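What the coordinates show
The residues making up each chain are set out below.
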Amino acid sequence: MRVLFQGAGAIGLAGAALFTDAHEVAVVSRSPGADGRAAFPRRVSIADPTDSGQAGSRHSSCAGGRGRADGRRASSSDGWSVTRVAATRRVTITDWTAAAADGIWDLIVFTTRPGELDAEVVSAIREISPAFIATTSQVEGDLERAQAVFPGAQAVIVGPAFLSERLDPGAPADGVRTAGNRVGEADSGVCTAGSRAGEIDRGVRTANGRDGELGRRAEPGHEVRFWAPAGAPRFLVAGPRGAVRSLVRGLGRLVLPVPMEAVLLPPTVFIPFVAELSVRDGDWAALKSHLDRPSDAAAEAVRSRLGVPVPVFGTAAHLVLEALERIVPIDVTSYAGRHFNRHVGQTRDMLAGWAGAADSAHALGELIAALDPLDD
């Protein structure tokens, strides 16, 4: 399939990187540069199950391994415990005018809430007229809003099954340098296959196919790292049966069809804890010592979805948080605060949706009030 990801942020770039082996993909940004540009989001993992064994698309620029760059030694920075830079994929970044001129796109994935798309973007998407649109927003009513704005497309909701983060401007791009690289070998996780003297690949210069420059700095919004569990689908997809079936046929094992509640119910459990983490200024330890309010809020949110009381216990939440620290190969204690502090508004809107549907939402109301000063 031909897939566009709207928004060159963490989800858009990571999602495109995970799709690029088997599909033709691009990411649409407001300012991709004069002739477009590329990004190289980095997957971190102990192993690299990204390689699907399928033919690469035209947007995958690295021959011989389809862009994979295996790191040779461990590295870590900015909260990511990198046991290996497992894979890098070249992702094309374009603009809406170029995307519309590039032919038919089957699917557009929104990484911005449908109601936050401006008139110019809405007009461009209508001109492209994709068969399918997918929203990553799990805010109550956003799937219906997407369908209302684009009635000619079939709308679904997708839940990312990976963690991703955009580095702040100026942050060092961690990676692994291997001495004496030759043409086709990896420098800092970026493929240099076929590079000519003086070529520039997203800030990594390759001279005569040899060592790229060290000390790259993150470009705003385009330096992304992500972790995807081995063997798992990349997105959960829910919506009208016909649309979901068509997407599963087209995208294969990259997506897993699930009931709508399987996408919308998990956030009712974990988003209240995300909210408490934001209230605690991203302090993971402070969250672990203040679990009563988010546990009560999660129970209220779950009841608003299911209509029956389901207790959420702070002790169980504490065990889950500690398990995440051990299992996930990134430092979630710093990642979670940085990531979700960027999305306080969406967190608040999700809490408000559940509070509005609940018969009693005391804890949800407390969290919403505590988030209000942060939602600027």
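What you are looking at is a predicted structure, and each value in this text was computed from that prediction instead of being measured.

What follows covers the overall build of the chain. Secondary structure assignment for the chain yields 12 helices and 19 strands. Out of the 376 residues belonging to the chain, those deemed buried represent 49%. About 16000 Å² of surface is accessible on the chain, with carbon and sulfur atoms providing 52% of the total.

Moving on: the pairing of strand S9 (residues 107–110). Alternating residues of S9 divide into Leu107 and Val109 and Ile108 and Phe110, and every residue in both groups is buried. Here four bridges tie strand S1 (residues 2–6) to S9, and the two strands are oriented parallel to one another. From the neighbouring strand, Leu4 faces S9, where its bridge partner is Ile108. With four bridges joining them, S9 and strand S10 (residues 132–135) adopt parallel strand pairing. Bridging across to S10, Leu107 finds its partner in Phe132. Regarding the hand of the β-α-β motif, the stretch spanning S9, helix H3 (residues 119–128) and S10 is right-handed.

It is worth spelling out the environment of Pro272 at this point. Counting through the fold element by element, Pro272 comes out in helix H6 (residues 260–279). With residues near it in sequence (within four places) discarded, Pro272 still touches Pro267, Pro294, Ala297, Ala298, Leu351, Trp354 and Leu367.

This next bit is on the nonpolar core. With 33 residues, the main nonpolar core has Val3, Phe5, Phe19, Leu107 and Val156 as its most contacted residues. Once residues within four sequence positions are removed from consideration, Leu107 is found in contact with Met1, Arg2, Val3, Leu4, Pro130, Phe132, Ile133, Ala134, Leu247 and Leu251. Residues Ile108, Ala146, Ile157 and Val258 belong to the second largest nonpolar core, which totals 25 residues.

The next thing to look at is the environment of Leu117. Among the secondary structure elements, Leu117 is positioned in the loop between S9 and H3. Under the relative-accessibility criterion, Leu117 is labelled buried at 11%. Between the alpha carbons of Leu117 and Gln6 there is a distance of 9.8 Å; along the sequence they are 111 residues apart. In this structure, Leu117 is in contact with Gln6, Phe110, Thr112, Val122, Ile125 and Phe150, ignoring residues within four places of it in sequence.

With phi around 55°, Ser129 is a residue other than glycine that occupies positive phi space. Within the chain, Asp281 stands out as a residue other than glycine whose phi angle is a positive 60°. What makes Asp281 exposed here is its relative accessible area of 65%.

One open sheet holds the nine strands; their spatial order is S3-S8-S2-S1-S9-S10-S11-S18-S19, and the pairing between them is mixed. Sheet topology places strand S3 (37–39) and strand S19 (255–257) at the edges, where each strand pairs with a single neighbour. Going across the sheet, the axis of each strand differs from the next one's by a mean of 30°, ignoring polarity. Here helix H4 (residues 142–149) sits on the sheet and contacts S9, S10 and strand S11 (154–160); the angle it forms with S11, its principal contact strand, is near 145°.

Here is what the cut-offs are and how they apply
- Residues numbered from 1 in each chain as written.
- Predicted model: local features only at pLDDT ≥ 70, side-chain atom pairs only at ≥ 80, totals over all residues.
- Heavy atoms only, no water.
- Helix = DSSP H or I, 4+ residues; strand = E, 2+ residues; numbered from the N terminus.
- Buried < 20%, exposed > 50% of the residue type's maximum accessible area, 1.4 Å probe, protein only.
- Areas by Shrake-Rupley, 256 points an atom, 1.4 Å probe, with all protein chains shown as cover.
- Pairing = 2+ DSSP bridges.
- Right-handed = clockwise from strand over helix to strand, strands pointing away.
- Contact = heavy atoms within 4.5 Å.
- Core = buried A, V, L, I, M, F, W, Y, C linked by side-chain atoms within 4.5 Å.
- Axes fitted to C-alpha atoms, helices over the stretch in contact; angles between N-to-C directions.

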